[in-house]
Amino acid sequence: MFELANSTEIGGYLKHLILRKYESERQFCRACLRMQEREETEIEVQKMANRISQMIQGNKDIQLMDIPVFSSLLGVSPEEILSGGKNHAPVGFRLTNASVARSKKPDVWKSYLSMETEYDVDEYGKTLVEYAVEYKNYELIRYLVENGEIWVQGASRIEQQALGLGAVFSKMAMQPATSGYYTVPKKMERGYAPSQLTFSAELRNQAIVLAIETGDVGMLKQMRAREIPEQYLACSGWDLDWNGEYAPEILDALMEADEAVLAYFTEEFTIKDRFGNEERWLTPFFDELLTRMAQTNHAIAKQMLHTAIKHNQYADDKLQNLFSSVLDSYHESYFKSEHGRNIVCEDIMRNRYLSEDGSWILFVDVQAKERLTTNLIRADADKCGTELRHMAMEVNEIYHRICRRQPFVRWKREV
């Protein structure tokens with residue numbers, strides 16, 4: 001049994017509870033309307049705000065119909081509200097981040113999301129999204145994405161903010177550029193998204209694994225699962241190292257993936273940089289995945305080698321064409337002496353960058369504003385069987401040709 005507080009005490013405690021969990025009383029009013037499945041028009045919000053204001057001031061008693069709504073939204077028992085905070089009775093069953101993340105019922109998810117608590121951190125420091133990934137509740141993850149609760153932002157923002165992207169696992173906002181795409185919840189706009197949700201590489205990787213295991217290519221595309229922020233930064237000429245960007249569990253999951261998922265991860269795709277240039281890439285862990293597939297004689301290994309040959313040849317051809325284009329811009333007098341040719345060669349090679357680990361290349365034709373930015377593929381021929389070894393050697397031959405290529409090879413001539 002508890003002692004009922006007076007209206008002023010109840011109102012004061014109600015205000016404390018609301019502002020402890022919501023940004024404003026008006027935001028709480030909107031949550032009440034959603035939970036009651038009423039329209040959120042400005043008129044209805046204002047009516048609710050007037051009622052709440054009267055309760056807080058002690059001029060109006062809490063109505064019976066309000067008690068279960070307030071209790072659920074504020075996460076406290078009716079006794080605690082009506083006693084003005086003096087009686088902290090157990091809440092009994094209530095929706096929590098963990099309980100909702102375990103649920104398979106859309107009605108439960110909808111009810112909980114209406115409270116605007118889906119990205120609040122619980123007493124264990126975890127959000128609903130984190131629990132959903134931990135419990136492998138893929139249906140809930142899809143529900144969050146399809147209802148716009150978390151989403152993938154487009155490359156334009158990545159380009160504009162040197163990568164502050166966001167993606168559903170939504171590690172999909174790249175700032176700093178140490179990880180992939182970050183999750184961007186609605187509440188991020190109001191500053192509510194906890195940092196472990198928006199900047200967690202582990203969270204994104206776990207979500208990708210779930211999508212791979214489910215065979216959900218559509219979700220993988222939304223999460224841009226085969227991309228990493230460094231690819232956009234590389235297009236802008238940054239000196240980057242993307243080793244370790246992908247967790248081993250992603251590669252492990254791909255070894256058991258279906259044909260459609262493997263096709264998504266092993267085909268070429270384009271990325272548009274901030275200058276509007278489109279460039280062809282393969283996923284950054286293509287080399288390692290190719291090695292694993294070849295070692296196990298996976299059916300896709302041969303197709304991956306074909307793709308690698310085609311991709312490296314594309315890079316070599318484009319580099320040659322860019323060298324030729326740049327050479328044409330120099331006055332013929334440069335080519336009349338060895339010294340002049342050396343100047344041209346050195347000048348051109350200043351705009352060519354091969355990453356320290358040899359995994360990607362950048363070349364810029366400054367005058368024409370054209371460029372080559374892409375990753376280069378190497379194959380471990382020793383890990384390939386007899387049938388595939390010659391293809392792996394061809395991949396490597398083209399790779400080494402690109403690394404050795406110099407402009408003077410094409411223009412050592414008398415003028």
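Enquirer: What is the right way to read the overall build of the chain from this model?
Expert: Regarding its fold elements, the chain presents 21 helices and 8 strands. Here the chain holds 415 residues, and the buried ones make up 52% of them. A total accessible area of about 19,800 Å² is found for the chain, and carbon and sulfur atoms account for 48% of it.

Enquirer: What exactly am I supposed to notice about the environment of Leu203 here?
Expert: Among the structural elements, Leu203 can be located in helix 12 (residues 201-214). Accessibility expressed as a relative area gives 3% for Leu203, which makes it buried. C-alpha of Leu203 to C-alpha of Val129: the two residues are 74 residues apart in sequence and 8.8 Å apart in space.

Enquirer: What is the right way to look at the packing of helix 18 (residues 301-328) against helix 19 (residues 338-349) in this model?
Expert: The relative placement of two packed helices is expressed as an angle between their axes plus a distance between the axes. Where helix 18 contacts helix 19, the two axes come as close as 11 Å, and the packing angle between them is 130°. Between helix 18 and helix 19, the crossing angle belongs to the class labelled oblique. Between helix 18 and helix 19 lies a crossing of right-handed hand. Where helix 18 abuts helix 19, its residues Phe323, Val326 and Leu327 lie against Val344, Ile348 and Met349. Along the lines of polarity and charge, the residues of the contact of helix 18 with helix 19 split into 6 nonpolar, no polar and no charged.

Enquirer: Sorry, what's going on with the sheet that holds strand 8 (residues 370-375) here?
Expert: The strands making up a sheet associate through backbone hydrogen bonding, with each pair oriented either parallel or antiparallel. Strand order in this open sheet of 3 strands is 6-7-8, and the pairing throughout is antiparallel. Of all the strands in the sheet, just strand 6 (352-354) and strand 8 have a single pairing partner and so form its edges. For this sheet the average axis-to-axis angle between neighbouring strands, irrespective of direction, equals 5°. Across 6 bridges, strand 7 (residues 360-365) lies against strand 8 in antiparallel orientation. Across the sheet, the residue bridging to Phe363 is Leu372, located in strand 8. Together, strand 7 and strand 8 form the strand contacts of helix 18, whose direction differs from that of strand 8 by roughly 155°.

Enquirer: Just checking my understanding: could you explain the side chain of Arg405 for this structure?
Expert: Looking at the secondary structure, you find Arg405 in the loop between helix 20 (386-404) and helix 21 (408-411). Relative accessible area serves as the criterion here: at 13%, Arg405 is assigned to the buried category. A distance of 2.7 Å separates the side chain of Arg405 from the side chain of Asp316, its partner in a polar contact. Ignoring any residue separated from it by four or fewer positions in sequence, one finds Arg405 in contact with Asp316, Leu319, Gln320, Phe323 and Met349.

Enquirer: Looking at this structure, how should I read unusual backbone geometry?
Expert: Phi angles above zero are rare outside glycine, and Glu37 is one such case at about 55°. With respect to the helices and strands, the residue Glu37 is situated in the loop between helix 2 (25-35) and helix 3 (42-56). With relative accessibility at 65%, the residue Glu37 sits in the exposed group. Phi angles above zero are rare outside glycine, and Asn297 is one such case at about 55°.

Enquirer: Can you walk me through the nonpolar core in this structure?
Expert: One recurring pattern in soluble globular proteins: nonpolar side chains tend to sit buried together. By size, the foremost hydrophobic cluster in this structure holds 108 residues, and its most contacted members are Phe70, Ile212, Leu220, Leu254 and Phe265. When residues in this core are grouped by element, the largest group, 12 residues, is from helix 18. If we ignore the near neighbours within four places in the chain, the residues touching Ile212 are Leu220, Ile250, Ala253, Leu254, Ala257, Val261 and Phe265.

Enquirer: Would you take a moment to explain the side chain of Ser71 for this structure?
Expert: Tracing the backbone shows Ser71 in helix 4 (residues 66-74). Relative accessible area serves as the criterion here: at 10%, Ser71 is assigned to the buried category. With sequence-adjacent residues up to four places away left out, Ser71 is seen in contact with Val76, Ser77, Pro78 and Ile81.

Enquirer: Even after reading the chapter, I still don't get the pattern of salt bridges, so can you show me in this structure?
Expert: Side-chain pairs of opposite charge can arise where the charged atoms are in close proximity. All chains considered together, the criterion is met by 23 salt bridges. Through salt bridges that share partners, Arg26, Arg30, Arg34, Glu40 and Glu42 make up one connected network.

Enquirer: Explain the packing of helix 1 (residues 7-21) against helix 3 to me, please; I cannot follow it from the model alone.
Expert: Remark: helix 1 packs on helix 3, axes separated minimally by 7 Å, with the N-to-C direction vectors making an angle of 125°. Judged on the interaxial angle alone, helix 3 and helix 1 are oblique. Mapping the contact onto sequence places Ser7, Gly11, Gly12, Leu14, Lys15 and Ile18 in helix 1 and Ile52, Met55 and Ile56 in helix 3. Tallied by class, residues from the contact of helix 1 with helix 3 come to 5 nonpolar, 3 polar and 1 charged.

Calculation notes
Residues numbered from 1 in each chain as written. Predicted model: local features only at pLDDT ≥ 70, side-chain atom pairs only at ≥ 80, totals over all residues. Heavy atoms only, no water. Helix = DSSP H or I, 4+ residues; strand = E, 2+ residues; numbered from the N terminus. Buried < 20%, exposed > 50% of the residue type's maximum accessible area, 1.4 Å probe, protein only. Areas by Shrake-Rupley, 256 points an atom, 1.4 Å probe, with all protein chains shown as cover. Axes fitted to C-alpha atoms, helices over the stretch in contact; angles between N-to-C directions. Parallel < 35°, antiparallel > 145°, perpendicular 65-115°, else oblique. Left-handed = near helix turned anticlockwise from the far one by under 90°. Contact = heavy atoms within 4.5 Å. Nonpolar A, V, L, I, M, F, W, Y, C, P; charged D, E, K, R; others polar. Pairing = 2+ DSSP bridges. Polar contact = N/O pair within 3.5 Å; in protein donor to acceptor, adjacent residues only side chain to side chain. Core = buried A, V, L, I, M, F, W, Y, C linked by side-chain atoms within 4.5 Å. Salt bridge = Lys/Arg side-chain N within 4 Å of Asp/Glu carboxyl O.

Keep in mind these numbers describe shape, not what the thing actually does.
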